[in-house]
Amino acid sequence: MEFATPIDKNGDKEASARLRKLVYPFILRRTKEQVAGDLPGKTEMILWCEMGAEQRKIYDSYKDHYRESILEHIAEDGVGRSSIYILEGLTKLRQICDSPALLKDGVATAGTAGARESAKLDELIREIEENTGHHKALVFSQFTSMLQLIREALSERGIPYLYLDGSVDAEERRR
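Residues numbered from 1 in each chain as written. Predicted model: local features only at pLDDT ≥ 70, side-chain atom pairs only at ≥ 80, totals over all residues. Heavy atoms only, no water.

J.: With reference to specific residues and values, describe a nonpolar patch on the surface.
T.: Taken together, the side chains of L19, L22, V23 and I27 make up a nonpolar region of the molecular surface, amounting to roughly 330 Å² of accessible area. Tracing the sequence through the fold places V23 in helix α2 (residues 13-23). (Patch = residues over 30% accessible without salt bridge, like charges linked within 9 Å, V, L, I, M, F, W, Y side chains within 5 Å. Areas by Shrake-Rupley, 256 points an atom, 1.4 Å probe, with all protein chains shown as cover. Salt bridge = Lys/Arg side-chain N within 4 Å of Asp/Glu carboxyl O. Helix = DSSP H or I, 4+ residues; strand = E, 2+ residues; numbered from the N terminus.)

J.: Give me the lowdown on helix α6 (residues 119-131), citing residues and values where you can.
T.: The terminal C-alpha atoms of α6, which comprises 13 residues, lie 18 Å apart, in line with the 18 Å expected from a rise of 1.5 Å per residue. Every buried residue of α6 is accounted for by A119, L121, E123, I125, E127 and I128. For α6, the secondary structure elements touched by its buried residues are α4 (53-98) and α7 (144-156). Directly beyond the C-terminal end of α6, a positive phi value near 60 degrees is found at G133. (Expected span 1.5 Å × (residues − 1). Buried < 20%, exposed > 50% of the residue type's maximum accessible area, 1.4 Å probe, protein only. Contact = heavy atoms within 4.5 Å.)

J.: A description of the nonpolar core should follow, citing residues and the corresponding values.
T.: With twelve residues, the main nonpolar core is built from L102, L121, I125, I128, F143, M146, L147, L149, I150, A153, L154 and I159. Counting only elements with at least two residues in this core, the list comes to α6 and α7. Per-element accounting of this core gives the leading share, six residues, to α7. Once you skip the residues sitting within four places of it in the chain, L154 turns out to touch I125, I128, I159 and Y161. M51, Y66, I70 and L103 belong to the second largest nonpolar core, which has ten residues in total. (Core = buried A, V, L, I, M, F, W, Y, C linked by side-chain atoms within 4.5 Å.)

J.: Please set out the layout of surface pockets residue by residue, giving values where relevant.
T.: What the largest pocket holds in volume is close to 1,400 Å³. T43, M45, L124, L138 and V139 are, among the 33 residues lining the largest pocket, the residues nearest its centre. Those elements that place two or more of their residues in the lining of the largest pocket are α4, α6 and α7. Here the element with the most residues in the lining of the largest pocket is α6; it accounts for six residues. Here the lining of the largest pocket is composed, by residue class, of 17 nonpolar, seven polar and nine charged. Approximately 1,100 Å³ is the volume found for the second largest pocket. Along its surface, the second largest pocket is lined by 29 residues, and A137, L138, Y161, L162 and Y163 are the ones closest to its centre. Ranked by the residues each element gives to the lining of the second largest pocket, the list is headed by α7, at five residues. A class-by-class count of the residues in the lining of the second largest pocket yields 15 nonpolar, six polar and eight charged. (1 Å grid on protein atoms, 1.4 Å probe; cavity = no way out; pocket = protein on both sides within 12 Å on 5 of 7 lines; lining within 4 Å. Points joined across faces, edges and corners; volume = space filled by probe spheres on them. Nonpolar A, V, L, I, M, F, W, Y, C, P; charged D, E, K, R; others polar.)

J.: I'd like to hear about the pattern of salt bridges, residue by residue, with values.
T.: Scanning the entire structure with this criterion turns up eight salt bridges. Residue K63 is joined to D60 by a salt bridge in which the shortest nitrogen-to-oxygen separation is 3.7 Å. Of this pair, K63 and D60 both sit in helix α4, three residues apart, which is roughly one turn of the helix. Among the ionic pairs, D98 bridges to K120, the shortest N-O distance being 2.8 Å. Within this pair, whereas D98 is found in helix α4, its partner K120 is found in helix α6, the two being separated by 22 residues in sequence. Residue class for K120 comes out partly exposed when judged on its relative accessible area of 39%.

J.: Give a description of the packing of aromatic side chains that names residues and reports values.
T.: All chains considered together, the criterion is met by two aromatic pairs. Both rings, one in Y62 and one in Y66, keep their centres 6.5 Å apart while their planes meet at 20 degrees; by these two values the pair is stacked. Of this pair, Y62 and Y66 both sit in helix α4, four residues apart, which is roughly one turn of the helix. Given a relative accessible area of 6%, Y62 falls into the buried group. Relative to Y85, the ring of Y66 lies with its centre 5.3 Å away and its plane at 45 degrees, an arrangement referred to as tilted. (Phe/Tyr/Trp six-rings, centres within 6.5 Å; stacked < 30°, edge-to-face > 60°.)

Printed below as a string of structure tokens:
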């Protein structure tokens, strides 16, 4: 409270400077340039995979729907006012490319064959099983729901993993 109230509520610059002087010796910070030397080189691989027939069918259906709808929105409201709808369409198509199971609108439900089909997930798991050996691999996705599908696939195959997303608290991340 000695520093919080004066700094937060009153904007006291002197209290802020005193606090900074007290904690500065305890802050360990390294710049990107300092850390870069300790890191291994980045390995990047691009793996191409074709959607299966059912996944492609779902993708094409959404693509056609959004193409028509976006053109209507643009004709009525203009491009600027249609941007959110355009972004929605692109996001849904990206989700389908990951896995139709990511769709939340019920069109491709988890019970349909197409919803379970994911060329990207199959290729990722194949790559992990065949080519990582005992090495660690980081897998990123914009969609946490895709990370959950990956986690399920790894668990089903008995592949050990650590899971981290924005919902994991700081203490758990440190461990």
